[in-house]
Amino acid sequence: MSLSTGPVVGDDGRARPPWAARDALLREYYDTEWGMPVRDERGMFERVCLEGFQVGLSWRLILQRREALRAAFHGFDPDEVARMEGVEHLLDDATLIRNPRKLAAVLTNARATVALREEGTHLGELVWSHQPATTPAPRTMEEVPTQSPESVALAADLKRRGFTFVGPVTMYALMESTGVVDTNLVGTWKRGLSKVWQESP
């Protein structure tokens, strides 16, 4: 196993993937949130939006801007965001990700999220309907997939319903972060816990 890309044991004795081993912000995110099941509509909508913002950027930057994005988009309440008339007023706010296409995508995706309810489901349920039957068992970061047949299908499903910034790679990252698929490295302290969380009442 490569020491540089396999699990890294922290000063607390817990093994984490390299990306979460040394930076305090990423470590906190990994320990408390990443990979834990998100099933509700609002929570999933926020994650879809954040993954869209992350395209071409670092996840650390997204976490740094997360609270400002929450404030700008009504706590990622799909109904409130769907009623917004535009994002021009946000383009001068240096606390946000000032990409006009990504900002506008939040409004587009909010409206698609609201429309999804008319089908008798919601965004959380739709994403989880693409959960794979098996999960990878990577030992190094090189072995972690970047997409899967399920993420390709999910991306196509969402695009068909009007969502944007939801490509297969972005949707695989979403599936990882929301517990739909467990890509924790073998040997890390969170490996296998997503199954426990999923089965909890």
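On a predicted model such as this, the values are computed, not experimentally measured, just so you know.

K.L.:
Lay out the overall build of the protein with the relevant residues and their values.
P.N.:
Broken down by element type, the protein carries 9 helices and 2 strands. Listing each helix as α and each strand as β along the protein from the N terminus yields β-β-α-α-α-α-α-α-α-α-α. Here the C-alpha radius of gyration of the protein, 17 Å, is about what a compact globule of 201 residues would show, namely 17 Å. Across its three principal axes, the protein shows a C-alpha extent of roughly 50 × 40 × 30 Å. Looking at the protein as a whole, 47% of its 201 residues qualify as buried. Taking the intrachain contacts of the protein between residues at least 6 apart in sequence as the baseline, contacts between residues at least 24 apart amount to 66%. As displayed, the protein offers around 9700 Å² of accessible surface, 53% of which is attributable to carbon and sulfur atoms. For the protein, the centre of its 24 positive side-chain charges and the centre of its 28 negative side-chain charges are spaced 3 Å apart.

K.L.:
Before we move on, can you summarise the layout of surface pockets with the specific residues and values?
P.N.:
In this structure, the largest pocket occupies an estimated 450 Å³ of space. Every residue lining the largest pocket is counted, 20 residues in all, and those nearest its centre are Trp19, Trp34, Glu51, Ala173 and Glu176. Listing elements by their share of the lining of the largest pocket, those giving two or more residues are helix H2 (41-54) and helix H8 (168-177). Among the elements that take part in the lining of the largest pocket, H8 stands out by supplying 5 residues, more than any other. Here the lining of the largest pocket is composed, by residue class, of 12 nonpolar, 6 polar and 2 charged.

K.L.:
Just give me the short version of the packing of aromatic side chains, but keep the residues and values in it.
P.N.:
Inspection of the entire model under this criterion finds 6 aromatic pairs. Measuring from ring centre to ring centre gives 5.7 Å for Tyr29 and Trp59, while their planes differ by 45 degrees; the resulting arrangement is tilted. Of this pair, Tyr29 sits in helix H1 (residues 24-32) while Trp59 sits in helix H3 (residues 59-72), placing them 30 residues apart in sequence. Here Tyr29 falls in the buried class, since its relative accessible area comes to 4%. Linked through ring pairs, Trp19, Tyr30 and Trp34 together constitute an aromatic cluster. Positioned above the aromatic ring of Trp189 is the side chain of Arg14, whose terminal nitrogen or guanidinium carbon lies 3.8 Å from the ring centre. The ring of Trp128 carries the charged tip of Arg39 above its face, separated from the ring centre by 3.8 Å.

K.L.:
Let's hear about the side chain of Lys102: which residues, and what values?
P.N.:
Along the chain, Lys102 falls in helix H5 (residues 100-116). For Lys102, which is buried and forms no salt bridge, the nearest opposite charge comes from Glu51, at a distance of 10 Å. Separated by 3.0 Å, the side chain of Lys102 and the backbone oxygen of Phe53 make a polar contact. Once residues lying within four places of it in the same chain are set aside, the contact partners of Lys102 are Gly52, Phe53, Gln54, Val55, Leu57, Ile97 and Phe165.

Each value, and the rule that gives it
- Residues numbered from 1 in each chain as written.
- Predicted model: local features only at pLDDT ≥ 70, side-chain atom pairs only at ≥ 80, totals over all residues.
- Heavy atoms only, no water.
- Helix = DSSP H or I, 4+ residues; strand = E, 2+ residues; numbered from the N terminus.
- Rg over C-alpha atoms; globule rule 2.2 N^0.38 Å.
- Buried < 20%, exposed > 50% of the residue type's maximum accessible area, 1.4 Å probe, protein only.
- Contact = heavy atoms within 4.5 Å.
- Areas by Shrake-Rupley, 256 points an atom, 1.4 Å probe, with all protein chains shown as cover.
- Lys, Arg positive; Asp, Glu negative; His and termini not counted.
- Charge placed at Lys NZ, Arg CZ, Asp CG, Glu CD.
- 1 Å grid on protein atoms, 1.4 Å probe; cavity = no way out; pocket = protein on both sides within 12 Å on 5 of 7 lines; lining within 4 Å.
- Points joined across faces, edges and corners; volume = space filled by probe spheres on them.
- Nonpolar A, V, L, I, M, F, W, Y, C, P; charged D, E, K, R; others polar.
- Phe/Tyr/Trp six-rings, centres within 6.5 Å; stacked < 30°, edge-to-face > 60°.
- Lys NZ or Arg CZ within 6 Å of the ring centre and 35° of its normal.
- Salt bridge = Lys/Arg side-chain N within 4 Å of Asp/Glu carboxyl O.
- Polar contact = N/O pair within 3.5 Å; in protein donor to acceptor, adjacent residues only side chain to side chain.

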